Amino acid sequence: MKKVMSNKFVIALYTLPALFLILALIYIPIVLSGYYGLMDWDGIGQMTFIGLDNYVTLIQDKVFWTSTWHSLLLAIFSTASLLLYLAISLVLASKIKGSDLLRKIYLIPMLLSSVAIAQLWMKIFDPTNGMANKLLEMFGVENTPVWLADPAIALFAIFIPVIWQYAGFYILIYYAALKNVPDEVIEAAKIDGASALQIAFKIKLPLISGIFKVTVMLAVVGSLKYFDLIYVMTGGGPNGASEVIASYMYKEAFKLNNFGYGSAIGFGLLVLCLVMTWLTSKLTKSKDDVQ
Amino acid sequence: MSKVSSPQAASLDLSVPDKSKKSLLNKIGFGFLYLILGVFAIIQIYPLVWLVFFSLKTNQEVFGMSPFSLPQDPQWANYTKAWTSGNIGLYFFNSVWITILSVALTLILASFVTFAVTRMSWKFSGLVLGLFLVAYMIPLHSTLIPLFNMYNSMNLIDSPVSIVLSYTAFNLPLTIMILLGFYQAFPREIEEAAVMDGCSIHRIFFQITLPMTVPVLSTTGIINMIYNWNEFVFVNTFISSDKWKTLTVGINNFVGQYLTDWGAIGATLVISIVPILLAFLFLSDKIVEGMAAGSVKG
């Protein structure tokens, strides 16, 4: 029996194809990204080794830091909105009728492609005929905003569909976690005279804090690499007002043919993601210790 | 929340006897919560309703009348226009076969790996599994330039092969994560008995393990399908000719050309999201289950 289940040939046959794929298409490219960052290269011609020049430029590049700040803003915004989703999930999971249907309705935007969402919201934000401004006009607002064309608010306008897209996803996760809280615990608390709010804050929330940490991580890392919606809706504009790290990398590499510098940005993105993952797990851990 | 409901509660105090006061208060509280949940549902769904409305309107209607009005005379011609004047049919077909092929590849390769890691005993199984799990953390955007260069040197740029390979590789980590939980929870006795009976390992895998894992395979398959169907960056970067574009990239370029024909834009977008919505209508439980499983494990 042992002999059959440790047949080396079969093990290789079963694992090598998948292993080859992730090594060739994920791990080696990551290493190459750091390496290409050391090159002056337009993507077609000869690569010229220029040492750390690209990385030095990157550290002094104002656009890169503005983009990073925008990505971090999105991360902060997404994390803060988790509290809203959590509140909604608490209500949904408290044995109310129709929670199943509501939860599914909330999830629908998550199933759509970012392109469809981006195109739809570009229409919603249309300054003259869009739903957003017509709605504002109905409430008597006179100077309606131009949304995506206004550098001061373009980034925040994009945050709205991002929140819209992911709300149902996080509610779904919290709902599933809350449903896993054993009924006996809640019944016992009720018998002891705990109020609904006390049960929510003292019992349910602590019990799902593990899941909450996971979602914070998902929201932070997901925000840092956010790309599709911004690329379609504004392309990082107007005038860099909604540029994020991934869109800046894409522009440098595939629009301006600075593959060397683009790779350096891509490598910066990887480092930032790893640092933020570490930082988030550190922060959520210390919070847990206090509890 | 309480601020809004307290005036009503206070006025009720005067007229309602003690016992039913509590239940009425409860009812008002519940009504208020329902209202919030309902408003949130409208926010989530109304933009799509609005999209369907303007996909059936003429430009005059879109520009001249309230965006909340029903289409007066539904312009089904917008849909025929969207379907025939671009390559939507071709993009649609590409999306379908690329999605199906990638999902099939991902599921079979992921099953192989999960089987080898959980059912067979070998030295490096932990390390190999770790490699797959860590790959989940890597942002795909950081791999785009090297991947582009790699495919370019192999003449795979503007070829669907690059897309299928990328989809498969990047979906393997999550798929293995979900399968892993299922395999670990599943009893090994049946497989062990089969070994005793002298069954070959391939027969065990294909005739016992794979059929047993059909429930989790269908869940992960659906999740993978949604991800692939909606994927944008890889196709936008690696594919340049219309021949191999998928629906997401296709409609993005196509919609850009229309600029002001709202009806046609709306119809194109509706066509692109209808398959997903139909899938959701029939498979919502599986989709919900898969999304929850994928995220929690991640």
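Each value, and the rule that gives it
Residues numbered from 1 in each chain as written. Chains lettered and ligands numbered in written order. Predicted model: local features only at pLDDT ≥ 70, side-chain atom pairs only at ≥ 80, totals over all residues. Heavy atoms only, no water. Helix = DSSP H or I, 4+ residues; strand = E, 2+ residues; numbered from the N terminus. Rg over C-alpha atoms; globule rule 2.2 N^0.38 Å. Contact = heavy atoms within 4.5 Å. Areas by Shrake-Rupley, 256 points an atom, 1.4 Å probe, with all protein chains shown as cover. Lys, Arg positive; Asp, Glu negative; His and termini not counted. Charge placed at Lys NZ, Arg CZ, Asp CG, Glu CD. Buried area = accessible area lost by both parts, 1.4 Å probe. Salt bridge = Lys/Arg side-chain N within 4 Å of Asp/Glu carboxyl O. Polar contact = N/O pair within 3.5 Å; in protein donor to acceptor, adjacent residues only side chain to side chain. Buried < 20%, exposed > 50% of the residue type's maximum accessible area, 1.4 Å probe, protein only. Core = buried A, V, L, I, M, F, W, Y, C linked by side-chain atoms within 4.5 Å. Domains from an automatic or database assignment. Nonpolar A, V, L, I, M, F, W, Y, C, P; charged D, E, K, R; others polar. pLDDT = per-residue confidence, 0-100. Phe/Tyr/Trp six-rings, centres within 6.5 Å; stacked < 30°, edge-to-face > 60°. Axes fitted to C-alpha atoms, helices over the stretch in contact; angles between N-to-C directions. Parallel < 35°, antiparallel > 145°, perpendicular 65-115°, else oblique. Left-handed = near helix turned anticlockwise from the far one by under 90°.

Peer 1: Quick question: what am I supposed to make of the overall build of chain B here?
Peer 2: Along the backbone of chain B there are 14 helices and 0 strands. In sequence order, chain B lays out its α and β elements as α-α-α-α-α-α-α-α-α-α-α-α-α-α. The C-alpha atoms of chain B give 26 Å as radius of gyration, which overshoots the globular expectation for 298 residues (19 Å, by more than 25%). Considering only C-alpha atoms, chain B reaches an extent of 80 × 60 × 35 Å along its principal axes. Looking at chain B alone, contacts between residues at least 24 apart form 72% of all its contacts between residues at least 6 apart. Accessible area for chain B stands at about 13,300 Å²; split by element, carbon and sulfur atoms hold 69% of it. Put simply, chain B has 15 plus and 14 minus side-chain charges, and the middle of one group is 7 Å from the middle of the other.

Peer 1: Please clarify how the overall build of chain A should be interpreted in this entry.
Peer 2: Tallying secondary structure elements over chain A gives 14 helices and 2 strands in all. Its C-alpha atoms give chain A a radius of gyration of 24 Å, clearly above 19 Å, the size a compact globule of 291 residues would have. Sequence separation of 24 or more characterises 67% of the internal contacts of chain A that already satisfy a separation of 6 or more. Charged side chains in chain A number 21 positive and 18 negative. The centres of these two groups are separated by 12 Å.

Peer 1: How should I be thinking about the interface of chain B and chain A in this particular structure?
Peer 2: The extent of an interface is frequently quoted as the accessible surface area lost upon association of the parts. Taken together, the contact between chain B and chain A spans 88 residues of the former and 86 residues of the latter. Roughly 8,200 Å² of surface becomes buried between chain B and chain A when both sides are summed, with 79% attributable to carbon and sulfur atoms. In this structure, the connection of chain B to chain A is made through 1 salt bridge. Remark: the boundary between chain B and chain A carries 20 residue pairs in polar contact (both at pLDDT 80 or more).

Peer 1: Please explain the environment of Met 39 of chain A as it appears in this structure.
Peer 2: All names here are of chain A. Looking at where Met 39 falls in the secondary structure, it is placed in strand E1 (residues 39-40). Measuring from C-alpha to C-alpha, the distance between Met 39 and Val 115 comes to 33 Å, with 76 residues separating the pair along the chain. Sequence-distant contacts of Met 39, that is, excluding residues within four places in its chain, are made with Met 47, Thr 48, Phe 49, Ile 50, Asn 54 and Gly 260.

Peer 1: Is there a simple way to think about the pattern of salt bridges in this case?
Peer 2: Pairing is possible between side chains that carry opposite charge, provided their charged atoms lie close to one another. Residues and elements named next belong to chain B. Counted by the stated rule, this structure contains 7 salt bridges over all chains. For Glu 191, the salt bridge goes to Arg 119, with nearest N and O atoms at 2.5 Å. A residue pair is termed long-range when its members are at least 10 positions apart, and Glu 191 in helix H9 (residues 189-196) and Arg 119 in helix H5 (residues 88-119) qualify at 72 residues. By relative accessible area, Arg 119 is classed as buried at 8%.

Peer 1: Before we go on, may I ask you to explain the nonpolar core in this structure?
Peer 2: Looking at soluble globular proteins, one finds that nonpolar side chains tend to be buried together. In this structure, Tyr 106 of chain A together with Met 120, Phe 132 and Met 291 of chain B are the most contacted members of the largest nonpolar core, which totals 188 residues. Per-element tally for this core: the top contributor is helix H8 (residues 154-179) of chain A, with 17 residues. Each of domain 1 (2-55) and domain 2 (85-293) of chain B gives at least three residues to this core. Once residues lying within four places of it in the same chain are set aside, the contact partners of Tyr 106 of chain A are Ile 88, Leu 92, Gly 168 and Ile 171 of chain A together with Leu 37, Phe 40, Ala 41 and Gln 44 of chain B.

Peer 1: When you look at the domain arrangement of chain B in this model, what are you seeing that I'm missing?
Peer 2: Residues and elements named next belong to chain B. One can read the domain layout of chain B as domain 1 (2-55) and domain 2 (85-293). With both chains or domains summed, domain 1 and domain 2 bury close to 520 Å², and 88% of this area falls on carbon and sulfur atoms. When the area that domain 1 buries against domain 2 is broken down by residue, the three leading residues are Leu 51, Phe 54 and Ser 55, summing to 74%. Linking domain 1 to domain 2 there are 0 salt bridges. Summed over the shared surface of domain 1 and domain 2, the result is 0 residue pairs in polar contact (both at pLDDT 80 or more). The residue inventory of the side of domain 1 that touches domain 2, partitioned by class, reads 5 nonpolar, 1 polar and no charged.

Peer 1: Just to check I follow, could you spell out the confidence of the model for chain B for this structure?
Peer 2: Caution applies to low-pLDDT regions: their predicted coordinates should not be interpreted in detail. Residues and elements named next belong to chain B. Of all residues in chain B, 90% have pLDDT values of 70 or greater, and the mean over the chain is 84. Note on residues 1-19: pLDDT is under 50 here. Beyond four places in sequence and across chains, it has 11 contacts. Our summary of model confidence lists the complex with pTM equal to 0.86 and ipTM equal to 0.87.

Peer 1: What am I meant to see in the side chain of Thr 215 of chain A here?
Peer 2: Residues and elements named next belong to chain A. Note on placement: Thr 215 falls in helix H11 (residues 209-224). A relative accessible area of 0% places Thr 215 in the buried class. Ignoring anything within four residues of it in the chain, the contact list for Thr 215 reads Leu 82, Tyr 170, Ile 173 and Tyr 174.

Peer 1: Explanation requested: the packing of aromatic side chains in the structure shown.
Peer 2: Each pair of aromatic rings is reported with the distance of its centres and the angle of its planes. Scanning the model with the defined rule gives 42 aromatic pairs over all chains in all. Here Trp 41 of chain A and Phe 259 of chain A contribute two aromatic rings whose centre-to-centre distance is 5.4 Å and whose plane-to-plane angle is 70 degrees, an arrangement assigned as edge-to-face. Taken as a pair, Trp 41 of chain A in the loop between E1 and strand E2 (48-49) and Phe 259 of chain A in helix H14 (residues 259-290) lie far apart in primary sequence, 218 residues in all. Judged by relative accessible area, Phe 259 of chain A falls into the buried class, the value being 3%. Their ring planes at 50 degrees and their centres at 6.4 Å tell us that Tyr 167 of chain B and Phe 234 of chain B sit as a pair that is tilted. Of this pair, Tyr 167 of chain B sits in helix H8 (residues 160-185) while Phe 234 of chain B sits in helix H12 (residues 233-238), placing them 67 residues apart in sequence. The exposure class of Tyr 167 of chain B is buried, given its relative accessible area of 2%. Overall, Phe 234 of chain B belongs to the buried group, its relative accessible area being 2%. Three or more aromatic residues joined by ring pairs make a cluster, and in this case those are Tyr 35, Tyr 36, Trp 41, Phe 227, Tyr 231, Tyr 250, Phe 254 and Phe 259 of chain A together with Phe 148 and Phe 232 of chain B.

Peer 1: Help me out: how do you make sense of the packing of helix H2 (residues 8-36) of chain A against H5 of chain B in this one?
Peer 2: At their nearest, the axes of H2 of chain A and H5 of chain B sit 8 Å apart, and the two run at 120 degrees to each other. With respect to their mutual orientation, H2 of chain A and H5 of chain B come out oblique. Handedness of the crossing formed by H2 of chain A with H5 of chain B: left-handed. Listed contacts from H5 of chain B to Tyr 14, Thr 15, Pro 17, Ala 18 and Leu 21 of chain A of H2 of chain A are Leu 109, Phe 112, Val 113, Phe 115 and Ala 116 of chain B.

Peer 1: Before we go on, may I ask you to explain the packing of H2 of chain A against helix H7 (residues 144-153) of chain B in this structure?
Peer 2: Relative orientation and spacing of two packed helices are given, respectively, by the angle between their axes and the distance between those axes. In the contact formed by H2 of chain A and H7 of chain B, the axes pass within 7 Å of each other and the chain directions differ by 105 degrees. Put simply, H2 of chain A runs roughly perpendicular to H7 of chain B. The residues of H7 of chain B that touch H2 of chain A, namely those facing Ala 24, Leu 25, Pro 29, Leu 32, Ser 33 and Tyr 36 of chain A, are Ile 145, Pro 146, Leu 147, Asn 149, Met 150 and Tyr 151 of chain B. Tallied by class, the residues present in the contact of H2 of chain A with H7 of chain B amount to 10 nonpolar, 2 polar and no charged.

Peer 1: I'm lost on unusual backbone geometry in this one. Help?
Peer 2: Apart from glycine, the bulk of residues carry a negative phi angle, and the bulk of peptide bonds sit in the trans form. Phi is positive for Trp 147 of chain A, close to 50 degrees, though the residue is something other than glycine. Here Trp 147 of chain A falls in the buried class, since its relative accessible area comes to 14%.

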